[in-house]
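Spelled out, the chains give:
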Amino acid sequence: MKARLLVLFAAVSLVATSAEAQTGVDTQRCPAGTANGFGVPDQTRASQDACQKAIDLFKYVAPQLGTSITGGNATLGQGGSLGGLGHFSAGLRVNGVQGDLPQVQDISVSVNGAQQTAFDLKSQVIPMPTADLAIGIFKGLPLAITNVGGVDLLVSAAYLPEFNGSGVSVKVPNGSLKLGYGARVGILQESLLVPGISVSYLKRDLPTVDIAATSGSDSLLVNDLSLKTTAWRVVASKSLLLFGFAAGFGQDKYESDAIVSAYVAPGALNPEARAGPVALSQNLTRTNVFADVSMNLLLFKLTGEIGQVSGGTINTYNTFNGKQPADSRLYGSVGARFGF
């Protein structure tokens, strides 16, 4: 039975989604089934525990993956608008969330209905590399020693390669590259005496993913997985010769969907069992605060960021020994950008 949970874990470590919140068993998606007079469960009862554990594991990992995509500042180290046409900023960054992964290798799946389990957790940094591009569109209106109302176009890119190995197949039927987009409006453009202040909105998604995981004769399929995020930010920044500083706050929204199905091979105490297809979805809103420190070099900037997300409610049937699904999470980013 442990091998069957390893199948679920392989998928959870790569993707994240969630079902609607509940504290008991989700009998709509994971019906209870029955057992005969000799205590032998039918197919539905034999698959209920695996079904419920899959839902709760997805719920636990979902917010962590969403944070790894959104990060903090739309452009690391940047607070105000760029200054209109002819100005741009291009950069690479890696976001990393101080996450936890459930240790499912020590858990057995019940074939006699859902059984509540307390999952141990292992601390794990969850990384996500992204590319960012900001293009100046409108300089703004002059006001004393600054400009107000400048507009920048924001573009981001996430890349997810296909993979096949160790019993896990990851395919991206619509392509590995996914572009995000948004805009930034400058409240104040940074100058010698004035800090840069802006409001931004950015939409970032992952490519649609199909995952097949197998362990022996058991299998788990996650099809049409999509994770979409939107984020708004208010940011202020100021450069002081060699170093620059920025700080901001905002709100993240994570929207995820997937269709999950599983097959459990027959054993001495259980018949062949098929679970699903089960449609899962989640909408989660979190508050985000962050601070950046940059080193201004001749042609580019090196920036480090630290931030925290919090908020939202996620209820599960199974429990977790440590941080809960909706607890606050720290994250960090490092990156380099070039601009003019």
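This is a predicted model, so every value here is computed, not measured.

Overview of the overall build of the protein chain
Each helix and strand in the protein chain was counted, giving two helices and 16 strands. In the protein chain, buried positions account for 50% of the 340 residues. The contacts in the protein chain between residues at least 6 apart in sequence include a share of 72% that link residues at least 24 apart. When the accessible surface of the protein chain is totalled, it reaches about 14,900 Å², and 63% of it is carbon and sulfur.

Digging into the pairing of strand 16 (residues 329-339)
Relative to strand 16, strand 1 (residues 88-102) runs antiparallel, the two being bridged by nine bridges. If you follow Val 97 over to strand 16, its bridge partner there is Tyr 331. In the sheet, strand 14 (residues 300-310) pairs with strand 16 via ten bridges, with the strands oriented antiparallel. Bridge pairing in strand 16 links Val 309 to Arg 329.

Concerning the side chain of Thr 75
Checked against the element boundaries, Thr 75 lands in the loop between helix 2 (43-70) and strand 1. In this view, Thr 75 contacts Ser 89, Arg 93, Ala 134, Leu 154, Arg 184 and Arg 337; residues no more than four positions away in its chain are not counted.

Points about unusual backbone geometry
Phi at Ala 144 takes a positive value of approximately 55°, unusual for a residue other than glycine. Among the secondary structure elements, Ala 144 is positioned in the loop between strand 3 (141-143) and strand 4 (146-148). Here Ala 144 falls in the exposed class, since its relative accessible area comes to 81%. The backbone of Leu 241 shows a phi angle near 55°, a positive value even though the residue is not glycine. Structurally, the position occupied by Leu 241 is in the loop between strand 11 (218-240) and strand 12 (243-264).

Looking at the environment of Ser 261
Mapped onto the elements, Ser 261 comes out in strand 12. Residues Ser 261 and Leu 221, spaced 40 residues apart in sequence, show a C-alpha to C-alpha distance of 5.3 Å.

Notes on the nonpolar core
Membership of the largest hydrophobic core comes to 15 residues, with the highest contact counts inside it found for Phe 58, Val 209, Val 222 and Leu 280. At the level of secondary structure, the elements contributing two or more residues to this core comprise helix 2, strand 10 (209-215), strand 11, strand 12 and strand 13 (273-296). Core analysis: the next-biggest nonpolar cluster, separate from the first, contains 13 residues, Val 61, Tyr 254, Val 309 and Ile 314 among them.

With respect to the environment of Ala 118
Locating Ala 118 in the fold gives a position in strand 2 (residues 118-138). Taking the relative accessible area as the measure of exposure, Ala 118 reaches 38% and is therefore partly exposed. Residues Ala 118 and Pro 102, spaced 16 residues apart in sequence, show a C-alpha to C-alpha distance of 9.5 Å.

Quick notes on the packing of aromatic side chains
In this structure the tally under the stated criterion is four aromatic pairs. Ring centres of Phe 119 and Phe 320 lie 5.6 Å apart, and the angle between their planes is 20°; this geometry places the pair in the stacked category. You can see Phe 119 sitting in strand 2 and its partner Phe 320 sitting in strand 15 (residues 319-321), a full 201 residues away along the chain. One exposure class covers both Phe 119 and Phe 320, and it is buried. Taken together, the ring pairs in this structure connect Tyr 60, Phe 119 and Phe 320 into an aromatic cluster.

Digging into the pattern of salt bridges
Considering all chains together, one arrives at five salt bridges under this definition. Salt-bridge contacts for Arg 93 lead to Asp 132; the nearest nitrogen and oxygen are separated by 2.8 Å. Taken together, the residues span a long stretch of sequence, with Arg 93 in strand 1 and Asp 132 in strand 2 at a distance of 39 residues. Under the relative-accessibility criterion, Asp 132 is labelled buried at 12%.

A word on the confidence of the model for the protein chain
With 81% of its residues at a pLDDT of 70 or more, the protein chain has an overall mean of 82. Helix 1 (residues 2-12) is the least confidently modelled element of the protein chain, averaging 41 in pLDDT, while strand 14 averages 96, the highest of any element. Contacts for the low-pLDDT stretch residues 1-22, under 50 throughout, to residues beyond four places or in other chains number 87 contacts.

Considerations on the environment of Cys 30
As for its position among the elements, Cys 30 is in the loop between helix 1 and helix 2. Setting aside residues up to four positions removed in sequence, Cys 30 forms contacts with Val 25, Gln 48, Cys 51, Gln 52 and Ile 55.

Cut-offs applied
Residues numbered from 1 in each chain as written. Predicted model: local features only at pLDDT ≥ 70, side-chain atom pairs only at ≥ 80, totals over all residues. Heavy atoms only, no water. Helix = DSSP H or I, 4+ residues; strand = E, 2+ residues; numbered from the N terminus. Buried < 20%, exposed > 50% of the residue type's maximum accessible area, 1.4 Å probe, protein only. Contact = heavy atoms within 4.5 Å. Areas by Shrake-Rupley, 256 points an atom, 1.4 Å probe, with all protein chains shown as cover. Pairing = 2+ DSSP bridges. Core = buried A, V, L, I, M, F, W, Y, C linked by side-chain atoms within 4.5 Å. Phe/Tyr/Trp six-rings, centres within 6.5 Å; stacked < 30°, edge-to-face > 60°. Salt bridge = Lys/Arg side-chain N within 4 Å of Asp/Glu carboxyl O. pLDDT = per-residue confidence, 0-100.

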